[in-house]
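Given next are the chains, with one letter for each unit.
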Amino acid sequence: MALRPVMVNIKALDHSAVGRFWAEALGWSAYSPGVTTYVGPSGGLVWPDPVAVGIDVVPVPEPKTATKNRVHLDLATTSAAHQAELVARLKALGATPAHVGQGDMPWTVLADPEGNEFCVLEPREIYRDTGPIAAVVVDCADPRAMARFWGEATDWALHEVTDDQAVLRSAKGVGPFLEFVRTPDVKTVPDRVHLDLLPYPGDDKAAEVARLRALGATDLDLGQGDVPWTVLADPEGHEFCVLALS
């Protein structure tokens, strides 16, 4: 039994506009299967995608606060020219420079039209085959503890674990990495970006949720009401959802 990360959930005042931004940013398509905007590889809606981790933009009434998100996306590039072109294109789409204390770094920090931070990385060999999303990055206090929890929670393989960083990726060696990076700040508010996990066909969602609780996850009430998914928090309080198989 294990769960698979299938979507990055982003909250937005205008889910259609933010969805269009991310579709243009990634070279993907925006789909509107319901009240949210799903962004995934072009060629028709396939969910869950067998390789990519999609983006689901969900409408909420509250704007983002000044607080930096503790979950963000890193975008991959293939050359210095590609990085410069992508940054320029993203700014033309409505992205703005973001300052999160990064200093003089080879990557560029931007924010989407509603202020969600993300990074456009310089070319790195490790991300050569990830697709447009290099990594989903999570700020945390203890990467080793996060590696233990998320390594057990999902079927993704552990690639690296140190005091400063833990790195996981699909055991199939496809799609983005999931990276937990040690940071000095602490979580104070619900994040506007989180992961959604999905059981495999034939697995029991309730049993998976019980297994996660045994690993240290806790139930979380964000006012979601009676919904088919279950909202949990990992041992450091990062929200995530366990979705129901349709």
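Residues numbered from 1 in each chain as written. Predicted model: local features only at pLDDT ≥ 70, side-chain atom pairs only at ≥ 80, totals over all residues. Heavy atoms only, no water.

Trainee: Break down the overall build of the chain for me, with residues and values.
Mentor: Within the chain one finds four helices and 16 strands. In summary, the chain has a C-alpha radius of gyration of 17 Å against a globular reference of 18 Å for 246 residues, a match within 12%. For the chain, the proportion of its 246 residues judged to be buried stands at 49%. For the chain, restricting intrachain contacts to residue pairs at least 6 apart in sequence, the fraction spanning at least 24 positions comes to 62%. Total accessible area computed for the chain in this model is approximately 11,100 Å², and 57% of it derives from carbon and sulfur atoms. (Helix = DSSP H or I, 4+ residues; strand = E, 2+ residues; numbered from the N terminus. Rg over C-alpha atoms; globule rule 2.2 N^0.38 Å. Buried < 20%, exposed > 50% of the residue type's maximum accessible area, 1.4 Å probe, protein only. Contact = heavy atoms within 4.5 Å. Areas by Shrake-Rupley, 256 points an atom, 1.4 Å probe, with all protein chains shown as cover.)

Trainee: Kindly report on the packing of helix α3 (residues 143-153) against helix α4 (residues 205-215), identifying the contributing residues and their values.
Mentor: With their axes 10 Å apart at the nearest point, α3 and α4 run at an angle of 165 degrees to one another. One element, α3, and the other, α4, form an angle in the roughly antiparallel class. In terms of crossing hand, the pair formed by α3 and α4 is right-handed. When α3 is examined against α4, the residues Phe149, Glu152 and Ala153 are found in contact with a partner set consisting of Arg211, Leu212 and Leu215. The residue inventory of the contact of α3 with α4, partitioned by class, reads four nonpolar, no polar and two charged. (Axes fitted to C-alpha atoms, helices over the stretch in contact; angles between N-to-C directions. Parallel < 35°, antiparallel > 145°, perpendicular 65-115°, else oblique. Left-handed = near helix turned anticlockwise from the far one by under 90°. Nonpolar A, V, L, I, M, F, W, Y, C, P; charged D, E, K, R; others polar.)

Trainee: Account for the side chain of Lys205, naming residues and giving values.
Mentor: Among the structural elements, Lys205 can be located in helix α4. We note that Lys205 is buried and unpaired, the nearest opposite charge coming from Asp204 at a distance of 8.6 Å. Other than its neighbours up to four places away in sequence, Lys205 contacts Pro199, Pro228, Trp229, Thr230, Val242, Leu243 and Ala244. (Lys, Arg positive; Asp, Glu negative; His and termini not counted. Salt bridge = Lys/Arg side-chain N within 4 Å of Asp/Glu carboxyl O.)

Trainee: Can you break down helix α2 (residues 80-93) residue by residue, with the values?
Mentor: The terminal C-alpha atoms of α2, which comprises 14 residues, lie 20 Å apart, in line with the 20 Å expected from a rise of 1.5 Å per residue. Among the residues making up α2, those that are buried are Gln83, Leu86, Val87 and Leu90. Viewed end-on, α2 has its buried residues packed into an arc of 100 degrees, placing them on one side of the element. Facing away from the buried side of α2 by over 90 degrees, the exposed positions are Ala81 and Ala92. Packing partners of the buried residues in α2 comprise α1 (15-26), β5 (71-75), β7 (108-111) and β8 (117-120). Phi turns positive, to about 120 degrees, at Gly94, one or two residues after α2. (Expected span 1.5 Å × (residues − 1). Arc of directions from axis to C-beta.)

Trainee: Can you explain the sheet that holds β7? Please cite residues and give values.
Mentor: Remark on secondary structure: sheet strands pair via backbone hydrogen bonds, oriented parallel or antiparallel. The strand order across the open sheet built from eight strands is β6-β7-β8-β5-β9-β12-β11-β10, with neighbouring strands paired in mixed fashion. The two strands at the open ends of the sheet, each matched to only one other strand, are β6 (96-97) and β10 (156-161). Where strand β9 (residues 133-140) lies against strand β12 (residues 177-182), six bridges are found, and the strand directions are parallel. Following the sheet pairing, Val137 is matched in β12 by Glu179. Sheet strands touched by α1: β5, β8 and β9. Its angle to β5, the strand with the most contacts, is close to 30 degrees. (Pairing = 2+ DSSP bridges.)

Trainee: Quick rundown of the pairing of β9? Include the residues and the values.
Mentor: Counting buried residues in β9 gives eight out of eight residues, a clear majority hidden from the surface. Across five bridges, the pairing between β5 and β9 is antiparallel. Paired with Asp74 across the two strands is Ala135, which belongs to β9.

Trainee: A description of the pattern of salt bridges should follow, citing residues and the corresponding values.
Mentor: According to the stated counting rule, one finds 12 salt bridges in the structure shown. For the salt bridge of Lys68 with Asp139, the shortest nitrogen-to-oxygen distance reads 2.5 Å. One end of the pair, Lys68, is in the loop between β4 (54-59) and β5; the other, Asp139, is in strand β9, and 71 residues separate them in sequence. A relative accessible area of 28% means that Lys68 is categorised as partly exposed. Judged by relative accessible area, Asp139 falls into the buried class, the value being 4%. Two residues, Asp163 and Arg144, come together in a salt bridge whose shortest N-O distance is 2.7 Å. Of the two residues, Asp163 sits in the loop between β10 and β11 (165-170) while Arg144 sits in helix α3, which places them 19 residues apart along the sequence.

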